[in-house]
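Secondary and tertiary structure notes
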Amino acid sequence: MSTRRAVVTGASSGIGQATARLLVQHGWQVVGVARRAERLAALADETGVETFVADVTKQEDVDSLRDYLAQSGPVHALINNAGGAFGSATVEESDPADWQRMFDVNVLGMKRVTSALLPLLRQASVDGHSDIMTVTSTAAYISYEGGGGYNAAKAAARAVVGALRLELAGEPIRVLEIAPGLVKTEEFALNRFAGDTEKYEQVYAGVEEPLVADDIAEAIVHALELPGHVNLDLITIRPVAQA
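The structure reproduced in this document is the subject of the present report. Quick caveat, the model's predicted, so the values are computed rather than measured.

**Description of helix 5 (residues 148-167)**
- Its 20 residues place the ends of helix 5 28 Å apart at the C-alpha level, agreeing with the 28 Å of an ideal helix rising 1.5 Å per residue.
- Those residues of helix 5 that fall on the buried side of the exposure criterion are G148, G149, Y150, N151, A153, K154, A157, V161 and L164.

**Topic: the environment of S64**
- Within the secondary structure, S64 is located in helix 3 (residues 59-72).
- Note on S64: relative accessible area 37%, which makes it partly exposed.

**Some thoughts on the nonpolar core**
- If you look at the biggest cluster of nonpolar residues, it comprises 34 residues, and the most contacted ones within it are V7, V33, L69, L78, L117, I132 and L168.
- Among the elements that line this core, the one with the most residues is helix 4 (residues 96-124), at 10 residues.
- With near-sequence residues (within four places) excluded, L168 lies in contact with L118, R122, I132, I173 and V175.
- Ranked by size, the runner-up nonpolar core spans 32 residues in total, among them A6, L43, L176 and V221.

**Let's talk about the packing of helix 1 (residues 14-25) against helix 8 (residues 213-224)**
- Relative to each other, helix 1 and helix 8 sit at 50°, their axes nearing to 8 Å. Judged on the interaxial angle alone, helix 8 and helix 1 are oblique. Judged by the sense of rotation from one axis to the other, the crossing of helix 1 with helix 8 is right-handed. Touching G14, I15, A18, T19, L22 and L23 of helix 1 are A213, D214, I216, A217, E218, I220, V221 and L224, all from helix 8.
- When the residues that make up the contact of helix 1 with helix 8 are grouped by side-chain class, the tally is 10 nonpolar, 2 polar and 2 charged.

**Remarks on the pattern of salt bridges**
- In the structure shown here, the tally under the stated rule is 9 salt bridges.
- E50 is paired through a salt bridge with R5; the nearest N and O atoms lie 3.1 Å apart. One end of the pair, E50, is in strand 3 (residues 50-53); the other, R5, is in strand 1 (residues 5-9), and 45 residues separate them in sequence.
- Of the residues examined, R5 reaches a relative accessible area of 1% and is grouped as buried.

**Here's the deal with the packing of aromatic side chains**
- What the rule picks out here adds up to 1 aromatic pair.
- Relative to Y68, the ring of F52 lies with its centre 5.2 Å away and its plane at 35°, an arrangement referred to as tilted. In this pair, F52 is assigned in strand 3 and Y68 in helix 3, connecting sequence segments 16 residues apart.
- Accessibility expressed as a relative area gives 26% for Y68, which makes it partly exposed.
- For R101, the ring lying beneath its charged end belongs to F86, and the centroid distance is 3.7 Å.
- The side chain of R158 reaches across the aromatic face of Y141, ending 4.9 Å from its centre.

Conventions adopted
- Residues numbered from 1 in each chain as written.
- Predicted model: local features only at pLDDT ≥ 70, side-chain atom pairs only at ≥ 80, totals over all residues.
- Heavy atoms only, no water.
- Helix = DSSP H or I, 4+ residues; strand = E, 2+ residues; numbered from the N terminus.
- Expected span 1.5 Å × (residues − 1).
- Buried < 20%, exposed > 50% of the residue type's maximum accessible area, 1.4 Å probe, protein only.
- Core = buried A, V, L, I, M, F, W, Y, C linked by side-chain atoms within 4.5 Å.
- Contact = heavy atoms within 4.5 Å.
- Axes fitted to C-alpha atoms, helices over the stretch in contact; angles between N-to-C directions.
- Parallel < 35°, antiparallel > 145°, perpendicular 65-115°, else oblique.
- Left-handed = near helix turned anticlockwise from the far one by under 90°.
- Nonpolar A, V, L, I, M, F, W, Y, C, P; charged D, E, K, R; others polar.
- Salt bridge = Lys/Arg side-chain N within 4 Å of Asp/Glu carboxyl O.
- Phe/Tyr/Trp six-rings, centres within 6.5 Å; stacked < 30°, edge-to-face > 60°.
- Lys NZ or Arg CZ within 6 Å of the ring centre and 35° of its normal.

Structure representation (structure tokens):
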């Protein structure tokens, strides 16, 4: 079987970076996509991944990514990982601008990239199948105090995935979703709390062995490498301590 090629958004850190690294180890060609050129360059030096600097919240960047991919090779898998949480205030007190940012990256960014790359995924599926894997969150399924905006954004992303799976029924394109629980990465909680390290540490207080990015990457790669007729519609993954 020829080498498969995957596009990973949000590849400059956390789950996206770990997924790109592991896919390369499994023999995939990988295109890592993110906003931060210097971090992508470091990943390329380490792993040999192709890189493309793009902000998924900007349509012109996504269009440029599509054009680059169309000219440079097939696309067998898309991992929609770019996302984030901003702020932890209540629904009453939270800043609508934070909600806007979360919807733009977690929902509209995923929609932009998926729409742009679907024609390429269809072309690649002619000789087998292709995959769209979206990283949502257990926050899409269980709300919590201070998480209204993130809960809403990830629930919206989950709804998009569900609609897409129905719309693509009958085509050889698998639509997969992974919903991680508590994952300790170097940036996610710090971004949410605007760099407040004390709040960052409180998130993981009392949770023995939270998940790490490599754990999620292992699950993503496993799902992608299952036989083409097997679809893991939803993977819910939490640390044992969170149960």
